[in-house]
Structure formats: structure tokens, C-alpha cells
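So the chains spell out like this:
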Amino acid sequence: MPTTETRRLNPLLMWGIFFAVIVVVTVVVRSLTRDEVEVRVAAVSHQNLISSVSTNGKVEPIDGFQAHAAAPGTISKIYVHVGQKVSAGEMLLKMDDSEAVARVAAANAALRSAEAAMHNLEQGGSQGERIGLEGDLSKARLQQRQAASDLAALKQLQQKGAASGSEVAAAQDRLQSADSTLENVQLRMSKPFSGPDRTRVAAQVSDAKAALASAEASLADDNIRSPIPGTVYSIPVSTYDFVPMGEDLMDVADLNKMQIRAYFDEPEIGVLAAGQAVSIVWPAKPGKTWHGHIKRAPTTVITYGTRNVGECIITVDDARGDLLPNTNVTVTVTTSQRFNVLSVPREALHTEGMSDFVYRVVDRRLVRTPVVVGAVNLIRVEIVSGLTDKDTVALSALSNRELSNGLAVKAVE
């Protein structure tokens, strides 16, 4: 009987062992293949690393002149055309100056009148006034002599009893009155005008000169000349147009000396500095690139629309009259240049706290490796230490699996 039972159990035991082995092998194989994640990888290599920031800007002349209407008026004549080169002092435009000419004439007349009043004051009055005073002086002297003679005669008669005391007293009163009249006339001739009179006339002369200067300036403003040599690039008005005060009449500039006013977002201004190289592109001329440098880096943050920005002034180094004022361009500032440095794609870099690291691929597994980072641009990162050019780093998994230290991976270039 035992022999019979043993023979019956052996096949069952064998089948059990067989199935157990299959299960174990299946589990092992599945565990080995399930954890091997496909990841994109890149080799650590030496490359040139250029960092830059871009924004939009507007072109403007460095040395320009914009003529404005000093007062409301009509355009009388335009002497130049757009694109014409002009020299300093050349006539550009003339406003109707009939009113300005009239104001100059009126101011000249007022000044001559005030200066004549000052001359008369310094000479003791006008000629007619001086003749009148001299006549008054002769008359006063004559009356004084006559009164003195009458008094002397009456006193002699009084001694003889032929004149009364009242007659002598009346003659003395007439002499005193004549003396007073003569003294007043002599005072008027020596000091014909008081201090306030002189102040008033001097103020009239000063006001008349200021009015004449203002009228002449207005007349000059009606004849607009270019203060600089350059090119006329804008004439927004036409002959016989009526323009209000302050209206833009004409723009002149040296088109070989241009600059760009650009606004960079606040996070970018920390890497900007005077002297950094700039490339300039204008969509109206595709394929053409201008070059320049930062003349003035941002010094403060301002609000520009909905953005917090820093204003940057960029000098164009190779303008040849082909970059027009007021055009919108794209500027790219090179903030740093590193040549033949060890680098990896930026995607490979991870940061945790204050530490930077990458995942190296070693024997089909990921190894977390600390690195020291140098220059960074939009696509690559300089590795100062931690890697060699023989290493390969993981970028990302093709699935949604997160990278981790020790993860089994299958590299995909």
C-alpha cells in the first residue's frame, strides 16, 4: 500500500513544482522588465554657451530737431521735402508772419516813446517844457526885481511921510511872494522830476524792450531754420494749413546717429550692463541685422502699461540712414559668452533647496550626481564640476514616471 500511494503522489508533486517554478520565473522576469523605464538621454559635451535676453524697442534719433508751431497760424511756405539733407541754419518752413511783423512795429514804437521820455527826463524835460520854464524864470525874476524896487521906493516915501505903514507892509508881502515864485521856478529847473518819476520812466523803457524782444522772437519763430545738419524725415503739414500752437511741423535728424529705447521686464534687468553687445532686427527689412551696444542700463523699475520694466538706451553702431526713426524693432542683448565649456541641456538640471544635481546613466540605472552650475541660457547649462565629457545624463522619462536615484532605465537618444 505505501508503495502505491507514493506512486500516486509523485506526478502531483512534480506538477506542483513545475508550476511553482513557472510562477517564480514569471514574477522575476516581469519585475525586471517592469522597472526598466525608457528615458531620453544626452551626452555631456563641450559647447559655446551664449546667454541673451530679447524685447521690443523704438528707434529714435540721438541728435534730432522737431519744429513746433510757436503760436496758432497758417503755413506760408515749405522750403524742403522729405529725405532732403539740410545744413545748420537752412530755412525749413515759414509761417504767415503778418501779425508778428505788426507786433514788432508796435513794440518798436513803444520803445522809442519810452526812450524819448527817459531822454527828456535826463535833459530836464522836453524842449517845450524847458522853454516854458525859462520863460517862467524870466518872468519870476522880473516880478521879483519890480517888487523889490517898489518896496524900496515906498520905504523912502514913508521916511518923508508920503507913504503909510500899510503900503510898505503890502509891498513887503508882494516881494516875499515874488521871491517864493522865483525859488519854485529855479527848483523846477534844477530838479524837474522826482525819484518816482525816474523809476516809472525806467520801468516803461524796460517793459518796452522786453515786449520788443518777445515780438522779434515770435517773428523768428515764424521763420523756422534747422539748428543742426541732418535729413528731413517727416513733414506732417502742407502749405496753407492752419495749425494750432504746439503742432508738430517738421522733423530733422542725423540718421547715421540713432538709438533705441527699449523696456526689459523686471526679472531680466539684473543681467544688463552698459557696453553689452546688442543685435537689432526690423521686420520691415528681413534678413538685415544691425548691431549696437547698451549705452545706459536700467537704473530703476517703472510701470509700462501692465508691465514692470526697466528702460534701456541702446546705441546703434552701424546705422547708415537705413534704420528709420519711430520704427519698432526687436533687440537681443548678449549678456554673457562662454566658449568651449562643459554643458548639458537645461532640461537635465534639477534643483532641490540650494543644491543642483543631475541624473547620470550608469549601467542602465540613474545615479543622482551633485553638480556646480556656471552660465545658463535658455537651452543649456554650464557644468563647472561634477561631470566629465564621458558622462550621459537623463532628461526625462517617455512615460509620466518621475526620475529617481537607482531607477532602472532604458536609454533613448
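Up top is the structure.
Residues take numbers from 1 onward in each chain, read along the sequence in its written order. In view of the model being predicted, local features appear only for residues whose pLDDT reaches at least 70, and side-chain atom pairs are presented and counted only at 80 or more, with totals across whole chains, interfaces and linings using the full set of residues. Hydrogen atoms and water are omitted, and side-chain values are computed over all heavy atoms in the structure.

Here's the deal with the overall build of the chain
- Note on conventions: DSSP H or I runs of at least 4 residues are helices, E runs of at least 2 residues are strands, and numbering of each starts at the N terminus. If you tally the helices and strands in the chain, you get five helices and 23 strands.
- Scored against the burial criterion, the 413 residues of the chain give a buried share of 31%.
- Any pair of residues with heavy atoms lying within 4.5 Å of one another is described as a contacting pair. Considering only residue pairs separated by 6 or more positions, the chain has 75% of its internal contacts joining residues 24 or more positions apart.
- The Shrake-Rupley method, run with a 1.4 Å probe sphere, supplies the accessible areas, and residue values consider only the shown protein chains as cover. Carbon and sulfur atoms form 53% of the exposed surface of the chain, whose accessible area is close to 24800 Å². For each residue, the accessible area found with a 1.4 Å probe, counting protein chains only, is set against the maximum for its type, and the residue is called buried under 20%, exposed over 50%, and partly exposed in between.

Re the pairing of strand 12 (residues 277–281)
- Alternating positions in strand 12 separate cleanly, Val 278 and Ile 280 being buried on one face and Ala 277, Ser 279 and Val 281 remaining unburied on the opposite face.
- Pairing between two strands requires that DSSP report at least two bridges joining them. Pairing between strand 12 and strand 16 (residues 328–345): four bridges, direction antiparallel. Of the residues in strand 16, the one forming a bridge with Ile 280 is Val 331.

Some words on unusual backbone geometry
- For Asn 326, which is not glycine, the phi dihedral falls at a positive 70 degrees.
- As for its placement among the helices and strands, Asn 326 is situated in the loop between strand 15 (307–316) and strand 16.
- Here Asn 326 falls in the exposed class, since its relative accessible area comes to 52%.
- We note that Asn 340 has phi near 55 degrees; this positive angle belongs to a residue other than glycine.
- As for its placement among the helices and strands, Asn 340 is situated in strand 16.
- Taking relative accessible area as the criterion, Asn 340 reaches 53% and is therefore assigned exposed.

Some details on the side chain of Thr 55
- Counting through the fold element by element, Thr 55 comes out in strand 2 (residues 45–61).
- We define a polar contact as two N or O atoms separated by no more than 3.5 Å, with the added condition that, inside protein, one atom must be a possible hydrogen donor and the other a possible acceptor, whereas residues neighbouring each other in sequence contribute only through side-chain atom pairs. One polar contact links the side chain of Thr 55 to the main-chain carbonyl oxygen of Tyr 263, over a distance of 2.8 Å.
- Beyond its immediate stretch of four places on either side in the chain, Thr 55 contacts Ala 262, Tyr 263, Phe 264, Arg 307, Val 329, Thr 330 and Val 331.

Some details on the pairing of strand 18 (residues 355–362)
- Relative to strand 18, strand 17 (residues 350–352) runs antiparallel, the two being bridged by three bridges. Its bridge partner being in strand 18, Glu 352 is matched across the sheet by Ser 355.
- In sequence, strand 17 turns back onto strand 18 through a hairpin of two residues, with Gly 353 there showing a positive phi of about 65 degrees.
- Connecting strand 18 to the next strand, strand 19 (residues 365–370), in antiparallel fashion are two residues, including Asp 363 with a positive phi near 50 degrees.

Topic: the sheet that holds strand 8 (residues 230–234)
- Read from one edge of the open sheet, four strands run 3-10-8-5, paired in antiparallel fashion. At either margin of the open sheet sits one strand with a lone partner, and together these are strand 3 (64–68) and strand 5 (85–86).
- Bridging between strand 8 and strand 10 (residues 248–253) involves three bridges; their strand directions are antiparallel. Counterpart to Val 232 in the pairing with strand 10 is Val 252.

A word on the sheet that holds strand 6 (residues 91–95)
- The sheet built from four strands is open, its strands ordered 7-6-4-9 with antiparallel pairing. Of all the strands in the sheet, the pair left with one neighbour each is strand 7 (223–225) and strand 9 (242–243).
- For strand 6 and strand 7, the ladder comprises three bridges, and the chain directions are antiparallel. Counterpart to Met 91 in the pairing with strand 7 is Arg 225.

Describing the nonpolar core
- As used in this record, nonpolar core signifies buried Ala, Val, Leu, Ile, Met, Phe, Trp, Tyr and Cys residues forming a set joined through side-chain atoms within 4.5 Å. Judged by nonpolar contacts, the single largest core of 24 residues is most densely connected at Phe 264 and Val 331.
- Secondary-structure elements contributing two or more residues to this core are strand 2, strand 11 (258–265), strand 12, strand 13 (289–296), strand 15 and strand 16.
- A per-element tally of this core places strand 11 first, with four residues.
- Residues within four places of Val 331 in sequence aside, it is in contact with Val 53, Ser 54, Thr 55, Ile 260, Ala 262, Phe 264, Val 278, Ser 279, Ile 280 and Ile 314.
- In terms of nonpolar packing, the next biggest core, distinct from the first, is built from 15 residues, Ile 75, Leu 93, Leu 249 and Val 252 among them.

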